[in-house]
Every structure is written in structure tokens, then in C-alpha cells.
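A structural walkthrough
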Amino acid sequence: MLNPLVFAVVDWLTARLEKPEIASPAAATSEPIPTTDLQDHTILVGYGRVGSIVGDALHERNAPFLAVEASDDMVAKLKQRGIETLMGNAARASVLRATNPAAARSLVIAIPEAFEAGQIVEQARAANADIQIIARAHSDAEVDHLKGLGADIVIMGEREIARGMIEELDRRHAAVVTQHPPAAREDSAA
Ligand code: AMP
């Protein structure tokens, strides 16, 4: 039996996707959103804690990229910095189409919501069989979901945090062992 919470979440997401795009002047006047002129570019969805690190790295490398952000505050900041930015929900077909996924090299989906991320993966994969899709997830189930829809690589945030912690423990442990090597065991001396 399906959990009622699942229905509630799906209803909420459906309402969110169907909401008119008041934030975008083009959408407010029902005009199509102009498609970027970029080619062979990276589409970066979400410029929060994760996406901003990726975006800053792309910016430093002078790599052609386009950001898609749902927050108007962030869009204003990005535009001030001269970063080409599209405002809106990237899961909406009109918004994603304007990023020119057919001509893009890569798509980085740096948003925390796996249902929306899945919709973005599906649309981008349908537009371009060769686009490299890297997505963010927070559970093994989300990793499977996004890979099943066509993502090439899915990075699970919590696993990467754990990996960093283990590496740090190993590094510190190695330093302690080097400073204080364990005494030779008596039984191995025989
Ligand atoms: P964070 O979790 O801090 O990495 O932030 C996620 C960022 O992604 C926020 O700045 C959100 O405004 C943005 N975001 C979330 N969902 C979408 C979406 N569907 N389309 C575009 N931007 C989004």
C-alpha cells in the first residue's frame, strides 16, 4: 500500500511545477524563454551550497556555462557577477529547453530534491543522448532512481562526507603510528 505521505509529496510537487512562472518576466507575459546561444556548455542547476562551488570552479576555468536558479536573490547576485543565469524551476520543460540541452556537453544537477532532479534528467537525456549528466543525491534509493532515468554519475552527499571523515581518520592514524610505532610482538620475534 502506498504511503499517504507519498501522495502528499507528489501533490505538492505537481502544484509547484504547474505554478505559473511569475518570477520570470517572459513567463509572466507567456512569451517563450529565449534559448541561450551557448554551445558545448555546462548547464548548472542550483547555485546553493553545492552548485556555487561547482559554478565558481567553472567560472575560474573560463568554462562556458549557464546557471539555472529558482531563487530570485541568487539570480540577481549571479547576474551582477556576469554569470549567464536563467531564473526558474529547471524541471519545467520551458526552462530546461531554454538551456539548450541538445547542444550542451554536460549537465550538473546540484539541487537536493530527487523527484525534480529526476524530471530534469529525463528531459535532458531525451534531448541529448550524449550529454554527461552528473546529479546529487542523499540516499541509495535516490542514486538508483536518478541512474535509472539516465544520469551518468550520481554523487551521494552523505557518502562523500563519510569518505572524507574516514580519510581524515586514516591520515591521523598513520601520523600517530609513524610517531609511536607499535612495539614488536613477542610471538613474531620467534
Ligand atoms: P543547496 O541545497 O544549498 O545546495 O541549495 C540548492 C539550490 O538549488 C538553491 O539555491 C535553490 O534555489 C536551487 N534549486 C532548488 N530546486 C531548483 C530547481 N528545480 N530549479 C532551479 N533551482 C533550484
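Everything discussed here concerns the structure shown above.
Report follows, based on the coordinates. (Residues numbered from 1 in each chain as written. Predicted model: local features only at pLDDT ≥ 70, side-chain atom pairs only at ≥ 80, totals over all residues. Heavy atoms only, no water.)

**Thoughts on the site of the ligand**
Spelled out, the test is: Residue proximity to a molecule or strand is established when one non-hydrogen atom of the residue lies within 4 Å of it. Definition of a polar contact: a pair of N or O atoms within 3.5 Å, with one able to donate and the other able to accept a hydrogen when the atoms are protein atoms, and with sequence-neighbouring residues admitted only if both atoms are side-chain atoms. Reported accessibility uses the Shrake-Rupley method at a 1.4 Å probe radius. Residues are deemed covered only where the shown protein chains occlude them. Residue type decides the class: Asp, Glu, Lys and Arg count as charged, Ala, Val, Leu, Ile, Met, Phe, Trp, Tyr, Cys and Pro as nonpolar, and the leftover types, Gly among them, as polar.
In the vicinity of the ligand, 15 residues are found, and the nearest of them are Arg 49, Glu 69, Asn 89, Glu 116 and Arg 136. Between the ligand and Glu 69, the relevant distance is 2.4 Å, taken from an oxygen atom to a side-chain nitrogen or oxygen of the residue. Separating a nitrogen atom of the ligand from a side-chain N or O atom of Asn 89 is a distance of 2.8 Å. Considered on its own, the ligand offers 510 Å² of accessible surface; in the complex 84% of this is hidden by protein. Tallied by class, the residues present in the shell around the ligand amount to six nonpolar, five polar and four charged.

**A short note on the pattern of salt bridges**
Put simply, the rule is: Counted as salt bridges are all cases of a side-chain nitrogen of Lys or Arg within 4 Å of a carboxyl oxygen of Asp or Glu. Elements are defined by DSSP. Helices are runs of H or I of four residues or more, strands are runs of E of two residues or more, and each kind is numbered from the N terminus. Working definition: with a 1.4 Å probe on protein chains only, accessible area under 20% of the residue-type maximum means buried, over 50% means exposed, and in between means partly exposed.
Evaluation of the coordinates by the stated rule reveals seven salt bridges. With its nearest N and O atoms 2.6 Å apart, the salt bridge here joins Asp 140 to Arg 159. Pair noted here: Asp 140 is in helix H7 (residues 140-149) and Arg 159 is in helix H8 (residues 157-179), with a separation of 19 residues, a long-range link. The class of Asp 140 is partly exposed, set by a relative accessible area of 44%. A salt bridge links Glu 160 to Arg 163; the nearest nitrogen and oxygen atoms lie 3.1 Å apart. Within this pair, Glu 160 and its partner Arg 163 are both found in helix H8, separated by three residues, close to a single helical turn. Each member of the salt-bridge network shares a partner with another, and the members are Glu 168, Arg 171 and Arg 172.

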